[in-house]
2 protein chains.
Amino acid sequence: MSVLTGGKLKLVQAALTLITESRSLTSLGLRELAREAGLNPNTFYRHFRNLDEFGLFVLGFIAQEMKSGVRELRRMAENSDQAAQETVAFVYTYFLNNPAATTIAVRELHGASPLLRRALENQLDASAREMAEDIIERQLVAGIADSTILEISRMTIRYILFRAMDYLEKPDQRLAIRRETERFINRQFRGALVEHLSPAEIAERA
Amino acid sequence: MSVLTGGKLKLVQAALTLITESRSLTSLGLRELAREAGLNPNTFYRHFRNLDEFGLFVLGFIAQEMKSGVRELRRMAENSDQAAQETVAFVYTYFLNNPAATTIAVRELHGASPLLRRALENQLDASAREMAEDIIERQLVAGIADSTILEISRMTIRYILFRAMDYLEKPDQRLAIRRETERFINRQFRGALVEHLSPAEIAERA
DNA sequence: ATCTGCCGTATACAAGTGTATACCTGATTC
DNA sequence: GAATCAGGTATACACTTGTATACGGCAGAT
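Residues numbered from 1 in each chain as written. Chains lettered and ligands numbered in written order. Predicted model: local features only at pLDDT ≥ 70, side-chain atom pairs only at ≥ 80, totals over all residues. Heavy atoms only, no water.

Focus on the confidence of the model for chain A
So, step 1. Looking at chain A, the pLDDT average stands at 88 and 93% of residues meet or exceed 70.
So, step 2. Confidence, expressed as mean pLDDT per element, reaches its minimum in chain A at helix α10 (residues 199–205) of chain A with 79 and its maximum at helix α2 (residues 30–37) of chain A with 96. (pLDDT = per-residue confidence, 0-100. Helix = DSSP H or I, 4+ residues; strand = E, 2+ residues; numbered from the N terminus.)

Written out as structure tokens, the structure reads:
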């Protein structure tokens, strides 16, 4: 069964707690985890071979969480701008509700462990493909090559993740960050529509 | 004198070396540093009060390095696209030549130390303002509000830093990353020129 | 009723950590 | 010429870390 019970769950929760209190996944110690979980240090070995394995497990755990979150994302929108706005609001709300997962993702994407980095990159890429697919299927933007939509999706997801920490930590800037992200997305797609034109030509027609 | 000599310099260099070998600034140990520098552990205390102070010092050190790098950036370009291309090439070349500074910046911008994070944010913001100023002064893009240019500059700098690690670690993707970054910039500015128009209106005129 | 695994515990060890105290040496300063 | 001081060293302490070994209880299968 994939349902976590007992000590293993406690260890994972301990990791999430510690990370939210501004630590990084790779810097967690075995004894530190056990302490936070209220377990004997050696219980760790009953569930994981070493800390690397633990890190990957936690990553898989939050990846699963995230996936079920993203699946709810499919909703209706009249036009692309509205879709962008709704998606941005949704994603940032998700971050607020899952601060530990968010912090892990941001920290480890550029962290010291190549293993975790690769795993996270794949995860992000999968999300980007999903986003692109959604945009293409629902024909939210017309006249842009599929490959370009995918590229912009990737950039957007990276950018949003980049802003996620600020969003969590600076409550007074949340609205500003959302608006800014919407502008980011809108400019990318509008820019893609006219990227074969020179700025002067665009200015003429605008 | 601001010229570093002897042990202090050795310690900073040791940090840069260790970080390039995939470590993070905040995770470095005092004894580890001394070992790498070939010094007695306690020599550390002759130069720094503690590891936090050391971290800030290293950050200041690379910030200075970066500034002198960015100053060379002022060069001529016929139009904005060319300027983007040259700037992108220059910045990524800088990353290649300063892998340690780059790695530190990327890691600590989202690292566990709020102190270093704030310091780096300020540093990035200063670079963004410089970039925006340059664009405005040289009138590389016309018809975009100064505040928008600054916002796009900020986004661009964040994005480039985001891609810097990949650029360092994946030599076979360097050209692709540069091209992608150029597209990013061009779309942002072109998109900004037409962001008051709906996608349909843009499509009509393109 | 016994055996086998799983899960948790207790103790122990070698190694590494940050830091305090004290000592040494070569310049610089008065 | 003596004193001061920055920079480097040696030893020591208390503490944390990952891990190995060994032990206990409780399930389910035989």
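Remarks on the pattern of salt bridges
So, step 1. In total, this model carries 34 salt bridges over all chains according to the counting rule given.
So, step 2. Where A:Arg154 meets A:Asp125, a salt bridge forms, and the shortest distance between an N and an O atom there is 2.6 Å. A residue pair is termed long-range when its members are at least 10 positions apart, and A:Arg154 in helix α8 (residues 146–169) and A:Asp125 in helix α7 (residues 114–137) qualify at 29 residues.
So, step 3. The partly exposed category is assigned to A:Asp125, whose relative accessible area is 22%.
So, step 4. A:Arg183 is the partner of B:Glu151 in a salt bridge, and the nearest nitrogen-oxygen pair spans 2.6 Å. Of this pair, B:Glu151 sits in helix α8 (residues 146–169) while A:Arg183 sits in helix α9 (residues 174–193), which puts the two residues in different chains. (Salt bridge = Lys/Arg side-chain N within 4 Å of Asp/Glu carboxyl O. Buried < 20%, exposed > 50% of the residue type's maximum accessible area, 1.4 Å probe, protein only.)

Digging into the relation of the copies chain A and chain B
So, step 1. Expressed as a screw transformation, the operator carrying chain A onto chain B has a rotation angle of 180° and an axial translation of 0.0 Å, and the superposed copies differ by an RMSD of 0.1 Å. A rotation of that kind, with that shift, is consistent with a two-fold axis. Minimal C-alpha distance to the rotation axis in chain A is attained by A:Gly191, lying at 1.8 Å.
So, step 2. Of all interface residues in chain A, 100% are interface residues in chain B too; the two copies therefore contact each other through one and the same surface. (Least-squares fit on C-alpha atoms with pLDDT ≥ 70 in both. Contact = heavy atoms within 4.5 Å.)

Some thoughts on helix α6 (residues 99–109) of chain B
So, step 1. When you tally the buried positions in α6(B), you get 10 out of 11 residues, the bulk of the element.
So, step 2. For α6(B), the complete set of buried residues consists of B:Ala100, B:Ala101, B:Thr102, B:Thr103, B:Ile104, B:Ala105, B:Val106, B:Arg107, B:Glu108 and B:Leu109.

Observations regarding the protein's contact with DNA strand D
So, step 1. Around DNA strand D there are 16 residues in total, and A:Arg31, A:Arg35, A:Asn42, B:Asn42 and B:Arg46 lie nearest to it.
So, step 2. Counted by atom, the contact set of DNA strand D within 4 Å of the protein is 40% sugar and phosphate.
So, step 3. Here A:Tyr45 contributes a side-chain N or O atom positioned 2.8 Å from a phosphate oxygen of DNA strand D.
So, step 4. Separating a phosphate oxygen of DNA strand D from a backbone N or O atom of B:Gly7 is a distance of 3.1 Å.
So, step 5. Broken down by secondary-structure element, the contributors of at least two residues to the surface near DNA strand D are α2 and α3 (43–47) of chain A together with α3 (44–47) of chain B.
So, step 6. Looking at the surface near DNA strand D, the element that brings in the most residues is α2(A), giving three residues. (Near = heavy atom within 4 Å. Polar contact = N/O pair within 3.5 Å; in protein donor to acceptor, adjacent residues only side chain to side chain.)

Brief notes about the nonpolar core
So, step 1. Core analysis: the biggest nonpolar cluster contains 129 residues, and A:Leu33, A:Phe54, A:Phe95, B:Leu33, B:Phe54 and B:Phe95 have the highest contact counts within it.
So, step 2. Considering each element in turn, this core owes the most residues, 13 residues, to α8(A).
So, step 3. Dropping the residues within four chain positions of it, B:Phe54 is found in contact with B:Leu11, B:Val12, B:Ala15, B:Leu33, B:Phe44 and B:Phe48. (Core = buried A, V, L, I, M, F, W, Y, C linked by side-chain atoms within 4.5 Å.)

Comments concerning the protein's contact with DNA strand C
So, step 1. In the neighbourhood of DNA strand C, 16 residues make up the surrounding shell, with A:Asn42, A:Arg46, A:His47, B:Arg31 and B:Asn42 lying closest.
So, step 2. Counting only atoms of DNA strand C within 4 Å of the protein, the fraction found in sugar and phosphate groups is 39%.
So, step 3. Within the side chain of A:Asn42, one N or O atom sits 2.5 Å away from a base nitrogen of DNA strand C.
So, step 4. A:Thr43 is positioned such that a nitrogen or oxygen atom in its side chain is 3.1 Å from a phosphate oxygen of DNA strand C.
So, step 5. Taken together, the elements giving at least two residues each to the surface near DNA strand C come down to α3 of chain A together with α2 (30–37) and α3 of chain B.
So, step 6. Classifying every residue of the surface near DNA strand C by side-chain character gives four nonpolar, seven polar and five charged. (Nonpolar A, V, L, I, M, F, W, Y, C, P; charged D, E, K, R; others polar.)

Things to note about the interface of chain A and chain B
So, step 1. The partner chain B presents 42 residues to the 42 residues of chain A that form the contact.
So, step 2. With both sides pooled, the region where chain A packs onto chain B buries about 4100 Å², and carbon together with sulfur makes up 55% of that total.
So, step 3. On the chain A side of the contact with chain B, A:His110, A:Phe162 and A:Arg187 bury the most area, a combined 20% of that side's loss.
So, step 4. Linking chain A to chain B there are 12 salt bridges. (Buried area = accessible area lost by both parts, 1.4 Å probe.)

Overview of unusual backbone geometry
Residues and elements named next belong to chain A.
So, step 1. In this structure, glutamine 139 is a non-glycine residue whose phi angle is positive, near 50°.
So, step 2. Its location among the elements puts glutamine 139 in the loop between α7 and α8.
So, step 3. By relative accessible area, glutamine 139 is classed as exposed at 67%.

What about the side chain of B:Arg117?
So, step 1. With respect to the element layout, B:Arg117 can be found in helix α7 (residues 114–137).
So, step 2. Each residue touching B:Arg117, except ones within four places of it in the same chain, is listed here: A:Arg107, A:Glu169, B:Glu108, B:Leu109, B:His110, B:Gly111 and B:Ala112.

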